[in-house]
Amino acid sequence: MIRLFSFAFLFLVLAITVTWFGEDVHRNRYLPPSVDLLTATAEQISQQLQNRSITSLQLVKERVRRIELDNTQGFGLQAVMNVVPYETLIEMAKTRDVERMANNIHGPLLRIPIIVKVNNESP
Ligand SMILES: *[C@@H]1O[C@H](CO)[C@@H](O)[C@H](O)[C@H]1NC(C)=O
C-alpha cells in the first residue's frame, strides 16, 4: 500500500514538473515554429513577408512579446529602453499588411522591426 502511494506521489510530482517546466516560453506564439527570430536575417524575414508565410502583425506581436519576456521579465536584461506604444505598432503592422495584400511594396526593409542601439556615454 505504501509502495502504491509512493508511486502515485512520484507520478504526481513528475506530472507537475512536466506541466510547470514543459512550456517553452521562447517558442513562437504568434509565428510559425519554422521562424527563428534569434537567427533569422532581415532578408529571410522580408522574403517570408513577401511570400506571405508570415504577416507584419504576427511579427510585431512576437517581437514585443520577446522583448517583454527577456527585457522586463525572465532574464531581466533591461537592454531595451523605449518601445513604440503597442497600439501604434499594431496599427503600423496592420497598415503594412493591407499594403502588401494590395501589392503596394515600398522596399525590402520597410516591414522589418528594428532595434536602434544608442550609446549614451559616447562623446
Ligand atoms: C518563404 O520564404 C522563406 C525564406 O526564403 C522560405 O524558407 C519559405 O519556404 C518560403 N515559403 C513559401 C510558402 O514559399
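Residues numbered from 1 in each chain as written. Predicted model: local features only at pLDDT ≥ 70, side-chain atom pairs only at ≥ 80, totals over all residues.

1. Some points on the overall build of the protein
Within the protein one finds 4 helices and 0 strands. The helix and strand sequence of the protein, counted from the amino end, reads α-α-α-α. Counting only residues that meet the buried cut, the protein has 11% of its 123 residues in that class. Considering only intrachain contacts with a sequence separation of at least 6, the fraction spanning at least 24 residues in the protein is 64%. (Helix = DSSP H or I, 4+ residues; strand = E, 2+ residues; numbered from the N terminus. Buried ≥ 20, exposed ≤ 12 C-beta atoms within 10 Å, placed from the backbone. Contact = placed C-beta atoms within 7 Å.)

2. Comments concerning the nonpolar core
Judged by nonpolar contacts, Leu31, Ile45, Leu49, Ile54, Leu59, Val60 and Ala93 together constitute the single largest core of 7 residues. Of all the secondary structure elements, the ones that give two or more residues to this core are α2 (42-50) and α3 (56-72). Ignoring anything within four residues of it in the chain, the contact list for Leu59 reads Leu31, Ile45, Ile54 and Pro113. (Core = buried A, V, L, I, M, F, W, Y, C linked by C-beta atoms within 7 Å.)

3. Focus: the site of the ligand
Around the ligand, the structure places Gln44, Gln47, Gln48, Asn51 and Ser53. The residue makeup of the shell around the ligand, split by class, is no nonpolar, 5 polar and no charged. (Near = placed C-beta within 6 Å. Nonpolar A, V, L, I, M, F, W, Y, C, P; charged D, E, K, R; others polar.)

4. Structural notes on the confidence of the model for the protein
In this model, the protein carries a mean pLDDT of 83, and residues with pLDDT of at least 70 account for 85%. The spread of mean pLDDT over the elements of the protein runs between helix α1 (residues 2-22), the lowest at 64, and helix α4 (residues 86-101), the highest at 93. (pLDDT = per-residue confidence, 0-100.)

5. Quick look at the environment of Val64
Here Val64 lies in helix α3. Between the alpha carbons of Val64 and Val84 there is a distance of 9.8 Å; along the sequence they are 20 residues apart. Among all residues touching Val64, those that are not within four sequence positions of it are Val83, Tyr86 and Leu89.

6. Thoughts on the packing of α3 against α4
Closest axis-to-axis distance for the α3/α4 pair is 8 Å, and the angle between their directions is 155 degrees. Between α3 and α4, the angle falls in the class roughly antiparallel. Contact residues: α3 offers Ser56, Leu57, Val60 and Val64, while α4 offers Tyr86, Leu89, Ile90, Ala93, Lys94, Arg96 and Asp97. Looking at the contact of α3 with α4 residue by residue, the classes come out as 7 nonpolar, 1 polar and 3 charged. (Axes fitted to C-alpha atoms, helices over the stretch in contact; angles between N-to-C directions. Parallel < 35°, antiparallel > 145°, perpendicular 65-115°, else oblique.)

7. Concerning the environment of Ile114
Counting through the fold element by element, Ile114 comes out in the segment after α4. Given 7 C-beta atoms within a 10 Å radius, Ile114 is considered exposed.

8. Quick word on unusual backbone geometry
Backbone geometry at Arg52 places phi at a positive 65 degrees, although glycine is not the residue there. Tracing the backbone through its elements, the reader meets Arg52 in the loop between α2 and α3. The backbone of Asn103 sits at a positive phi, close to 55 degrees, despite the residue not being glycine. Along the chain, the position of Asn103 falls in the segment after α4.

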